[in-house]
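Observations on chain architecture
Each chain, letter by letter, is given below.
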Amino acid sequence: MRTIRPSSYARRVAAFAIALLAATQSARAEEVVIHLVLKDHRFQPQESSAPAGQRITIELTNQDPTPAELESKTLRFEKVVAGGGKITMQVRPLVPGRYRFYDDYHEDTTEGFLVVR
């Protein structure tokens, strides 16, 4: 009886697929998710922390009935969230520091900070 062996091409494709899956899982493990709530024109929590050098996802739930504009010049984002809505922001890996964000519609009362260590 003849034994069928996988071709070298099939072995390479399988090895590539396994490596790609491992890299994807590793990248997801390194992503940090920050959950923020906007209520009564205040961020909760007002200050969040994240490790340096990792991608960050900020999820903001607006519990106010009015829209807000999540903005940060240092984090380089600006996005409107409807009253009662939710948005997700992707932030590049950061160096250690304290980064300010705010609601552009109510900047005098609505400010928060992301502390990267």
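Residues numbered from 1 in each chain as written. Predicted model: local features only at pLDDT ≥ 70, side-chain atom pairs only at ≥ 80, totals over all residues. Heavy atoms only, no water.

**Details of the sheet that holds strand β2 (residues 42–44)**
Ordered in space as β2-β1-β4-β7, the 4 strands form an open sheet in which the pairing is mixed. At either end of the open sheet lies a strand with only one pairing partner, and these are β2 and β7 (86–91). Averaged over all neighbouring strand pairs, the angle between strand axes comes to 25°, with direction disregarded. Two elements, strand β1 (residues 32–39) and strand β4 (residues 56–62), share 7 bridges in a ladder whose sense is parallel. The residue bridging Val32 from the neighbouring strand is Ile56, located in β4. (Pairing = 2+ DSSP bridges. Helix = DSSP H or I, 4+ residues; strand = E, 2+ residues; numbered from the N terminus. Axes fitted to C-alpha atoms, helices over the stretch in contact; angles between N-to-C directions.)

**Some remarks on unusual backbone geometry**
Across the junction of Gln44 and Pro45, the peptide omega takes the value -5°, indicating a cis bond. Residue placement: Pro45 occurs in the loop between β2 and β3 (47–50). Even without glycine at this site, Asp40 takes up a positive phi of about 55°. Structurally, the position occupied by Asp40 is in the loop between β1 and β2. A positive phi angle, near 55°, is found at His41, a position not held by glycine. Relative to the elements of secondary structure, His41 occurs in the loop between β1 and β2.

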